[in-house]
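Chain residues, written in single-letter form:
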Amino acid sequence: MSDEEARARIRRAAAVVLLRAGAAGQELFWVRRSAEVSLGGGFHAFAGGRLDEADNVLAATAPGACDDAPLRVAALRELFEETGVLPGWDPSGVPSSRVAECRRALLAGACGFADVLRRLDAPLALAALAPAGRWITPPFVRTRFDAAFFVACLPPGQGAEVWPGELVSGEWITPEAALARWEDGSALLHPPALHVLRCLRDAPWPACSDALQQATGVRDHVPLTMEFQAGVRLVPLRTPTLPPATHTNCYLLGGDELLIVDPGPSEAGEQQVLFDFCDALRAEGRRVRAIVLTHEHVDHVGAAAALRARLGAPLLAHAETAARLPELTLDGLVADDEVFALAGARPQSWRALFTPGHARGHLCLFEEGTRSLVAGDMLAGVGTVVIPSSPEGDMSAYMASLERLQGLAPRTIYPAHGPVIVDAAERLRFYLEHRRERERAVVEALQAAGCALPEELVPRVYADVAPSAHALAAHSLRAVLDKLVREGRAERGCDGRYASAGPS
Ligand SMILES: [Zn+2]
């Protein structure tokens, strides 16, 4: 896909920052998206969503409509759908049951937004929205939005209420309290929401109007980095990785002191993106304590030597990883349970966890205060991970490592590939169950075949996986067979064929 084609596929969207005067100052209404929602699931955000064709039609009927009228219509409609609020409308004399009835009909698709306005005798109050910035989803995310942000004030006589569904909750909160939730890791924020909260904290609306539209750390409205929770910065970088991934997430952890985890890109231009980002953090007075590699795979270490030379920071990895990187100069080894205590206004304590399975020296990092896990290739944001066959990969070790992570009960998992995992407990349970199911399928396939090469079992065991991925699947299948051999449940002949053995 060319850049132009990719841009053409970006969908228009609108979001509304709803404000009211609270006892403790200005408050905003934020919502939490359900973990199942594909984009922004589990994150705190503002009411909003996609522009519909009907929004364009309705906007065309608005008298004296401005260029962004369709987006304003989308913003008003989404706000009404998600919170029941209609800016610029006086609800006096209209029973709340009637408003709820209209909202239900709109959500069910039984009527359009134009019908709702007619039934409630409400105006299409485009001017009740004030522009508050524009944000475009970064290119590594599959579904991208070009979102217009607006500010609206809660009209007298109306209240915001979330109905469970795509949104799990909604509440009024001050910007200070919202940012405190982001700092302790209990509320994850995308860059636009973080920017809005910081602007509102620094100066209440409307004094922050200009600041809202002038975000830093963005290029052409696209944020260059993400700090979903305080002190966990994610920079996705293009690397020679395995499909369907195209990027490796490099993490910059900490406050005044930083750990850089998995500098992956090999290509000079992509390395420069990381260098620029490190320079910006250092210009803020932060110091890089160390560069840590989760494991030796090429898409995790591509910029390691260059970054080490540039920053003069020690490059660290587990001994088993160091042994597999003879071409790299490492400055030290990381042992299981070693703790990196990082200084800063909010100190962090990252514990290294030796988690072999995907690679022999694989490390994860776990922050105990916020229960955040930087998972390397133990888990992926989308799909599952490949377990190489022995001796590099080890299915028994991998499952034991997964169980160890499960025992730590992480709240948020930051994988090396794909989006952040917000439903950590559920995902770990799924990973373990998925591996156990595959193992059962391998045992059955082997019993049916009598004696077979791993490749011959792939179509049966991986019937649910596209044939193009079968070559990769064969690695994981061989890893399962090796586990069965170690457990005495299969035998491996000298011709490379495997056969069932013992009770299964
Ligand atoms: Zn890997």
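Residues numbered from 1 in each chain as written. Predicted model: local features only at pLDDT ≥ 70, side-chain atom pairs only at ≥ 80, totals over all residues. Heavy atoms only, no water.

Q: How do you make sense of the pattern of salt bridges when you look at a structure like this?
A: Side-chain pairs of opposite charge can arise whenever the charged atoms involved come near each other. Applying the stated criterion across every chain, the model contains 38 salt bridges. The closest approach of N and O atoms between R489 and E487, which form a salt bridge, is 3.0 Å. Judged by relative accessible area, R489 falls into the partly exposed class, the value being 23%. Where salt bridges share partners, they join D52, D55, R77, E78 and E81 into one cluster. (Salt bridge = Lys/Arg side-chain N within 4 Å of Asp/Glu carboxyl O. Buried < 20%, exposed > 50% of the residue type's maximum accessible area, 1.4 Å probe, protein only.)

Q: How should I be thinking about the coordination of the zinc ion in this particular structure?
A: Four donors placed tetrahedrally about a metal ideally form angles of 109.5 degrees, and six donors placed octahedrally ideally form angles of 90 or 180 degrees. Listed as protein donors to the zinc ion are H295 (NE2), H297 (ND1), H358 (NE2) and D377 (OD); their distances from the metal cover 2.1 to 2.2 Å. In this structure, the zinc ion is surrounded by 4 donor atoms whose angles at the metal cover 88 to 175°, and the resulting shape is irregular. If you list the donors of the zinc ion from N- to C-terminus, the spacing comes out as H-x1-H-x60-H-x18-D. Of this pair, H297 sits in the loop between β14 (287-292) and α10 (298-301) while D377 sits in the loop between β20 (372-376) and α13 (395-407); the two residues are 80 residues apart in sequence, bridging distant segments of the chain. Given the relative accessible area of 24%, H297 is considered partly exposed. (Donors = N, O, S within 2.8 Å, 3.2 Å for Na, K, Ca; no water. Tetrahedral: all angles 85-135°; square planar, octahedral: opposite > 155°, others 65-115°. Helix = DSSP H or I, 4+ residues; strand = E, 2+ residues; numbered from the N terminus.)

Q: Please explain the sheet that holds strand β22 (residues 451-452) as it appears in this structure.
A: Remark on secondary structure: sheet strands pair via backbone hydrogen bonds, oriented parallel or antiparallel. With respect to topology, 3 strands assemble into an open sheet ordered β22-β24-β23, the strand pairing being antiparallel. Across the chains shown, the open sheet's two edge strands, defined by having one partner strand only, are β22 and β23 (490-492). Pairing analysis gives 2 bridges linking β22 to strand β24 (residues 498-500), with the strands arranged antiparallel. Looking at the pairing, C451 lines up with A499 of β24. Sitting on the sheet, helix α14 (residues 424-449) touches β22, β23 and β24, and the angle it makes with β24 is about 95°. (Pairing = 2+ DSSP bridges. Contact = heavy atoms within 4.5 Å. Axes fitted to C-alpha atoms, helices over the stretch in contact; angles between N-to-C directions.)

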